[in-house]
Amino acid sequence: MAAPAHVPARTHSPESGWRRAVDEPAYGAYWLLRVGYTVLPIWMGIDKFVNALTDWPSYLAPWIVDVLPFSAQTAMYVVGAIEIVAGVAVALKPRYAAYVVALWLAGIIVNLLTYSGFYDVALRDFGLLVGALALARLAAAHDPAWSWRPGGGGARTR
């Protein structure tokens, strides 16, 4: 009996991915951060709609509430939707989405630094921003870049 003409060099089973994450610390860190920055923004985004964990509108600096054309709770609905989209984007393409999350966290930090009494939360969010940047750097090694086909073929992942 003849051998198959093409044998894949590497299998991509969940077991092989788990083994690689255990054996390669950088790959394991990449997956820990990717899962964390997928699940947590989605969870926090959903909570903006139900206010189960806290009263989210109370985290908006008064000057932001004053310039909004709608209520603070409506702002939290917008924030929640953006956070859900950001979490899904990290799941799909962390190489780019992690930078978006870092920028979003920078905006949150500015809000918190302009509102007395939330400096501890701003410092925590700075740590999250650093983690998002670490994910972006690790994703540069583990998440292939989009490439563009000549002739306007659009985006594709290699």
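In the block above lies the structure referred to throughout.
Keep in mind the model is a prediction, meaning the values are calculated, not measured. (Residues numbered from 1 in each chain as written. Predicted model: local features only at pLDDT ≥ 70, side-chain atom pairs only at ≥ 80, totals over all residues. Heavy atoms only, no water.)

## Examining the packing of helix H2 (residues 25-50) against helix H4 (residues 72-92)
Look at H2 against H4: their axes get within 7 Å of each other, and the N-to-C directions meet at 160°. It follows that H2 is roughly antiparallel to H4 by the angle criterion. Crossing handedness for the pair H2 and H4: left-handed. Residues of the contact of H2 with H4, tallied by class, amount to 15 nonpolar, five polar and three charged. (Axes fitted to C-alpha atoms, helices over the stretch in contact; angles between N-to-C directions. Helix = DSSP H or I, 4+ residues; strand = E, 2+ residues; numbered from the N terminus. Parallel < 35°, antiparallel > 145°, perpendicular 65-115°, else oblique. Left-handed = near helix turned anticlockwise from the far one by under 90°. Nonpolar A, V, L, I, M, F, W, Y, C, P; charged D, E, K, R; others polar.)

## Brief notes about the side chain of Arg95
Its location among the elements puts Arg95 in helix H5 (residues 94-113). Of the side chains bearing the opposite charge, Asp143 lies closest to the buried Arg95, which forms no salt bridge; the N-O distance is 6.0 Å. A polar atom in the side chain of Arg95 sits 2.6 Å from the backbone oxygen of Asp143. Setting aside residues up to four positions removed in sequence, Arg95 forms contacts with Ala139, Ala140, Asp143, Pro144 and Ala145. (Buried < 20%, exposed > 50% of the residue type's maximum accessible area, 1.4 Å probe, protein only. Lys, Arg positive; Asp, Glu negative; His and termini not counted. Salt bridge = Lys/Arg side-chain N within 4 Å of Asp/Glu carboxyl O. Polar contact = N/O pair within 3.5 Å; in protein donor to acceptor, adjacent residues only side chain to side chain. Contact = heavy atoms within 4.5 Å.)

## Section: the packing of aromatic side chains
This model, assessed by the stated rule, comprises eight aromatic pairs. A ring pair is formed by Tyr115 and Phe118, whose centres lie 4.9 Å apart and whose planes are at 40°; its orientation type is tilted. Sitting over the ring of Trp56, Lys48 keeps its end group 3.7 Å from the ring centre. (Phe/Tyr/Trp six-rings, centres within 6.5 Å; stacked < 30°, edge-to-face > 60°. Lys NZ or Arg CZ within 6 Å of the ring centre and 35° of its normal.)

## Description of H5
Note: α-helices contain 3.6 residues per turn, so residues at a spacing of three or four share the same orientation. Helix length check: H5 (20 residues) gives 27 Å between terminal C-alpha atoms against 28 Å at 1.5 Å per residue, within 8%. For H5, every residue scored as buried is listed here: Pro94, Arg95, Ala97, Ala98, Val101, Ala102, Leu105, Ile109, Asn111 and Leu112. Contacts made by the buried residues of H5 are with H2, helix H3 (62-67), H4 and helix H6 (119-142). (Expected span 1.5 Å × (residues − 1).)

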